[in-house]
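Each chain is listed here by its residues.
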Amino acid sequence: MLQFLTDKAIYIVMIIVLIVWIGIFFYLLTMDRRIKIIEKELKGDNYEE
Amino acid sequence: MKMFSRAYNLFIKDLRSELRTRYAINALIMFILVAISVILFSIGNEKIPPQLTAGLYWVVIFFSAMSGLSRAFVSEEEKGTTLTLQLVANADIVFSGKLLFNLSLTFFINLIITFLYAAFFEDFVINNFSLFLITFFFGNIGLAISSTIIASIIAKAGAKGTLYPVLSFPILLPLILTCVQLTIFCFDGINIENSVYELAIVISYDIVMITISYLLFDFIWKE
Amino acid sequence: MIWKILLFVLMTFVSIAGISFPIVEKPSNWYEFPLIPGLGENAKIIFFHVPTAWLTVVAFFMSFIFSIKYLKQKNHEYDVKAYVANQLGIIFCILATLTGAIWAKFAWGAFWSWDPRQTSIFALLLIYGAWFALRSSIDSDEKRATLSSVYSIIAFFTVPFFIFIMPRIMTGLHPGSADDDNLGPVINFKMNENMQLIFFLSLTAFSLLYFWMWNLGYKSILIKEKLIKKFER
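A short tour of the structure in this document, coming up. As the structure is a prediction and not an experimental result, all values here were calculated from the model.

Rules used in this analysis
Residues numbered from 1 in each chain as written. Chains lettered and ligands numbered in written order. Predicted model: local features only at pLDDT ≥ 70, side-chain atom pairs only at ≥ 80, totals over all residues. Contact = placed C-beta atoms within 7 Å. Helix = DSSP H or I, 4+ residues; strand = E, 2+ residues; numbered from the N terminus. Nonpolar A, V, L, I, M, F, W, Y, C, P; charged D, E, K, R; others polar. Axes fitted to C-alpha atoms, helices over the stretch in contact; angles between N-to-C directions. Parallel < 35°, antiparallel > 145°, perpendicular 65-115°, else oblique. Left-handed = near helix turned anticlockwise from the far one by under 90°. Core = buried A, V, L, I, M, F, W, Y, C linked by C-beta atoms within 7 Å. Buried ≥ 20, exposed ≤ 12 C-beta atoms within 10 Å, placed from the backbone.

### As for the interface of chain C and chain A
So, step 1. Each partner contributes to the interface: chain C provides 14 residues, whereas chain A provides 15 residues.
So, step 2. For the side of chain C that touches chain A, the elements supplying multiple residues, two or more each, are α1 (2–20) and α6 (193–232) of chain C.
So, step 3. Across the side of chain C that touches chain A, the residue classes tally to eight nonpolar, four polar and two charged.

### Points about the interface of chain B and chain C
So, step 1. Taken together, the 20 residues of chain B in the interface contact 22 residues of chain C.
So, step 2. Counting only elements with at least two residues in the side of chain B that touches chain C, the list comes to α7 (129–155), α8 (160–188) and α9 (196–221) of chain B.
So, step 3. Element by element, the count of residues in the side of chain B that touches chain C is highest for α8(B), at eight residues.
So, step 4. In terms of residue class, the side of chain B that touches chain C is built from 18 nonpolar, one polar and one charged.

### Comments concerning the packing of helix α3 (residues 76–107) of chain C against helix α4 (residues 116–136) of chain C
Residue and element names in this part refer to chain C.
So, step 1. Relative to each other, α3 and α4 sit at 155 degrees, their axes nearing to 10 Å. On the basis of their axis angle, the class for α3 and α4 is roughly antiparallel. Handedness of the α3/α4 crossing: left-handed. Residues Asn86, Gly89, Ile90, Cys93, Ile94, Ala96, Thr97 and Gly100 of α3 form the contact with α4, whose participating residues are Gln118, Ile121, Phe122, Leu124, Leu125, Tyr128, Gly129 and Trp131.
So, step 2. Each residue belonging to the contact of α3 with α4 can be placed in one class, and the counts come to 10 nonpolar, six polar and no charged.

### Quick look at the nonpolar core
Here is a general trend for soluble globular proteins: nonpolar side chains tend to be buried in one another's company.
So, step 1. Counting 121 residues, the largest nonpolar core has Ile153(B), Ile154(B), Leu167(B) and Tyr151(C) as its most contacted members.
So, step 2. Counting residues per element, this core draws most heavily on α8(B), which supplies 14 residues.
So, step 3. Not counting chain neighbours up to four residues away, the residues in contact with Ile154(B) comprise Ser70(B), Lys160(B), Leu163(B), Tyr164(B) and Leu167(B).

Shape descriptors only; they carry no functional weight alone.
Below, the structure written as structure tokens:
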């Protein structure tokens with residue numbers, strides 16, 4: 001088992017990098033949506049006043 | 001020409017007030033002596049290669065500049081005369097006057113440093129004198145210009161003393177690196193044709209810095 | 001929205017391709033990279049190291065442009081945009097230094113050897129670190145924006161020297177220095193076509209990532225300021 005993992009070590013690196021990237025991407029997506037909502041709210045307030 | 005005479009008058013005013021009290025010049029000369037003594041102490045009897053001597057030479061020049069050149073603007077802020085200066089002269093004249101003052105101060109202290117180095121460091125043997133003169137001339141101009149514009153920036157900020165070297169060092173780094181290289185060339189006796197690249201860098205640094213300094217000083221100086 | 005999906009696809013592909021494609025002596029398939037003597041497996045870092053360095057320059061250039069715009073029009077938005085660009089610039093500068101140091105350990109034997117390019121990226125770190133120090137030492141908003149814009153403009157004039165001139169004229173270990181007879185594998189397009197494709201895809205992906213982060217950054221600061229102003233009333 002250990003030998004198999006050691007041989008395929010580069011793929012383990014790749015999977016880790018992909019996991020990190022997917023995490024970063026979804027974090028950015030969440031922030032993006034939140035900012036859009038708040039911006040819409042602020043614009044709505046401006047027009048009301 | 002009128003502008004130059006006004007800037008010259010500003011420079012004379014600063015020079016006179018400096019010579020009257022001589023606080024700054026005395027402190028500066030003591031700083032140079034202390035810095036060189038510290039270096040000599042740390043070296044002891046070890047023999048240091050000429051590259052190291054060249055680097056240490058410009059290190060002392062840099063720190064002496066940091067010690068002395070911010071006075072041009074900071075003293076105005078401290079004495080409260082900035083507003084008067086703003087009313088009396090426009091930005092170009094103020095910068096030219098301060099630059100003249102810093103230029104003369106830089107040349108003065110660097111001459112002292114050069115003589116002390118030539119006296120106390122055995123490796124400080126200049127084999128190509130004309131190259132050294134050119135390096136000295138243009139290097140000091142670049143040093144003075146950058147120091148003056150950064151001094152005007154920090155004069156309006158807080159924590160002036162510590163911030164000044166922090167801001168100035170990276171801006172001066174291209175100049176210092178190239179000048180150290182040129183000084184090493186002077187020690188080795190390499191002739192001017194082979195140092196054209198480095199001289200071009202120093203001279204273009206001077207031209208670029210003086211242009212953007214004049215362009216940007218207006219924004220710094222206006223409240 | 002589309003470009004975010006494109007970014008995701010690109011970056012995923014670059015991560016997979018850049019890391020897992022094997023390096024063989026004679027590449028015969030489309031998914032194999034050639035072996036560069038002296039580098040071997042760690043040549044793959046080029047897909048991640050060069051884009052971070054490139055983005056540093058792009059970020060600082062954007063800050064330069066917005067600083068000039070701020071000085072001309074004194075619009076607070078420009079100052080925020082320049083601030084976020086400098087933040088990202090410093091982050092990518094740190095990443096470039098770190099990835100470079102790691103690559104140096106494997107290629108040259110030591111993490112740091114004061115090679116001209118290593119020295120120059122470190123000097124960039126100092127310059128823009130000083131920019132943040134300057135910003136935090138000024139209290140008044142407008143003066144802070146004006147002075148930091150001026151320093152950003154001065155600082156950017158040293159960037160071409162540090163990134164493009166100095167490492168090429170001094171002798172050193174980094175490819176493209178005065179020791180080599182070329183300008184390095186990136187500018188001379190001497191990479192294999194596969195590697196070139198992945199490299200440019202990586203450059204595009206990172207640029208899109210930077211643009212998105214910059215967008216989110218400056219919008220969140222502007223929103224925060226608006227909200228603070230609203231609740232102060």
